[in-house]
Amino acid sequence: MTATKNEDTRGTAEVIDTSRASIARVYDAFLGGKNNYAIDRAVMEDVLKIAPQASLVAKGLRRWLIRVTRYLANQGVDQFLDCGAGLPTEENTHQTAQRYNPDAVVVYVDKDPVVAVHGRALLEENSSTHFLQADLTRPSEVLANPIVTDHLDLDRPIALIQCATLHHIDDDQQPAQIMADYIEALPSGSYVALTHWWDPQDGSEGSELAKGIERSFRESSMGTGRYRGRGEIETMLKGLDLLDPGLVELDQWWPEGPLAKPNSLVETLILGAVGRKP
Ligand SMILES: C[S@@+](CC[C@H](N)C(=O)[O-])C[C@H]1O[C@@H](n2cnc3c(N)ncnc32)[C@H](O)[C@@H]1O
C-alpha cells in the first residue's frame, strides 16, 4: 500500500491509502477541489471519457443538498445527521442549516481519513457542528456513538441525509436494510433526504450510459458504484411519506427556477427524494 500520513487538528495521525482511489477524493476532483491524488483523478478521467458532462452531476448533487437543507431548516428542523459528508466544499450542510435556523446542530459522518482530517478542521466550525469518523453502513453504531448522542436528541425529529452515499454501498451490504434500520430508529416527524444513481433499465441510451459508468467505477481501483433501478431506490425509502414531487431527477425537486439549458443525459441518471417519518 502506498500511504501518506496526515494529522488532524487533534494531532491524530491518519494513514491515507494512496494506492487506491477513494470516492470522497474522486468526488472532490469532480467538484474541482484540491484534496485528491493522481489515482483519484484517473478514475474521474475514465468516467469523463464515457460521460464528458459527469462533473455536472457532482455540482447538481451539491445544489440539491443545499436546497433540501434550506427547506428542512425553514421547516424548523434543528438537528441534522449528514452521512457521507464528503470533503468540505464551497457551501456545506451546516452553513446552510445554520443560516436558515441558527439553532441547528449538524453531525457529519464519514469514514474516509482525508475527510476526517479536513472535516475536523473545516466542518467543525462552531460548537453546533461535529464530525464523526464512522462507517455509515452500521446504523446502530453510528446512532449510539457519543458524538451523535451528546449532540443530537434522538427523541426529537432529526434530518438524516444520505446524499450520494448508497450507490457506493454494494448489494451484499444490503443498503435497503441499512436504510430500514435508520428509519426504524428515527423518531416520528424525522426527515430522510436521499439521492441515488439511477439506471432506467429500459434499454435506452440513458440505461446504456448508466451501465457504462458503473462498469468504469467498478473496474477502477475504487471498485464500487451501483446504478440501481427505481424500485430498488424506492425500497430504501420504505416507511416514509415522500414530500412532493416524490422520487425525481434532482432538478425536478424544487428547482431554483427554470433550467438555463436542458440537462445532459448523465445528469438525468440520478434521483432524489425527501421523506417524512409519520
Ligand atoms: C460522493 S461523496 C458525497 C458527499 C456528499 N454527501 C455530497 O453529496 O456532496 C460520498 C461520501 O460518502 C462517504 N462514504 C462512502 N461509504 C461510506 C461508508 N461506508 N461510511 C461512511 N462514509 C462513507 C465517502 O467517503 C464520501 O465522502
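Residues numbered from 1 in each chain as written. Predicted model: local features only at pLDDT ≥ 70, side-chain atom pairs only at ≥ 80, totals over all residues. Heavy atoms only, no water.

A. Here's a closer look at the site of the ligand. Lining the immediate surroundings of the ligand are 18 residues, of which Y27, R62, G84, D110 and D135 lie closest. A distance of 3.4 Å separates an oxygen atom of the ligand from a polar atom in the backbone of G86. Between the ligand and L136 there is a distance of 2.8 Å, counted from a nitrogen atom to a backbone nitrogen or oxygen. Residue contributions to the shell around the ligand peak at three residues, all from helix α1 (residues 23-30). Among the residues making up the shell around the ligand, the classes are represented as nine nonpolar, four polar and five charged. (Near = heavy atom within 4 Å. Polar contact = N/O pair within 3.5 Å; in protein donor to acceptor, adjacent residues only side chain to side chain. Helix = DSSP H or I, 4+ residues; strand = E, 2+ residues; numbered from the N terminus. Nonpolar A, V, L, I, M, F, W, Y, C, P; charged D, E, K, R; others polar.)

B. Seen up close, the pairing of strand β10 (residues 270-276). Burial analysis of β10 places six of its seven residues in the buried class, which makes it a mostly covered element. Sheet topology places strand β7 (residues 191-197) next to β10; seven bridges connect them, and they run antiparallel. Residue pairing for β10: H196 is matched across the bridge by L271. Looking at chain direction, strand β8 (residues 241-242) and β10 are connected through two bridges and run antiparallel. Residue pairing in the sheet places L242 in a bridge with G275 of β10. Relative to β10, strand β9 (residues 248-249) runs antiparallel, the two sharing two bridges. Of the residues in β10, the one forming a bridge with E249 is L271. (Buried < 20%, exposed > 50% of the residue type's maximum accessible area, 1.4 Å probe, protein only. Pairing = 2+ DSSP bridges.)

C. Representation of the pattern of salt bridges. Under the defined criterion, the tally for this structure stands at 15 salt bridges. One salt bridge connects D251 with R63, and the closest N-O pair in it is separated by 3.5 Å. With D251 in the loop between β9 and β10 and R63 in helix α3 (residues 55-74), this residue pair connects regions lying 188 residues apart in the sequence. Under the relative-accessibility criterion, D251 is labelled buried at 17%. Of the charged contacts in the structure, one is a salt bridge between R99 and E91, with a shortest N-O distance of 2.9 Å. (Salt bridge = Lys/Arg side-chain N within 4 Å of Asp/Glu carboxyl O.)

D. Quick peek at the packing of α3 against helix α4 (residues 93-100). At a closest axis distance of 8 Å, the pairing of α3 and α4 adopts a crossing angle of 30 degrees. By the angle between their axes, α3 is roughly parallel relative to α4. Where α3 crosses over α4, the handedness of that crossing is right-handed. Taken together, the residues of α4 that come into contact with α3 (itself represented by L65, I66, T69, R70, A73 and N74) are T93, T96, A97 and Y100. When the residues that make up the contact of α3 with α4 are grouped by side-chain class, the tally is five nonpolar, four polar and one charged. (Axes fitted to C-alpha atoms, helices over the stretch in contact; angles between N-to-C directions. Parallel < 35°, antiparallel > 145°, perpendicular 65-115°, else oblique. Left-handed = near helix turned anticlockwise from the far one by under 90°. Contact = heavy atoms within 4.5 Å.)

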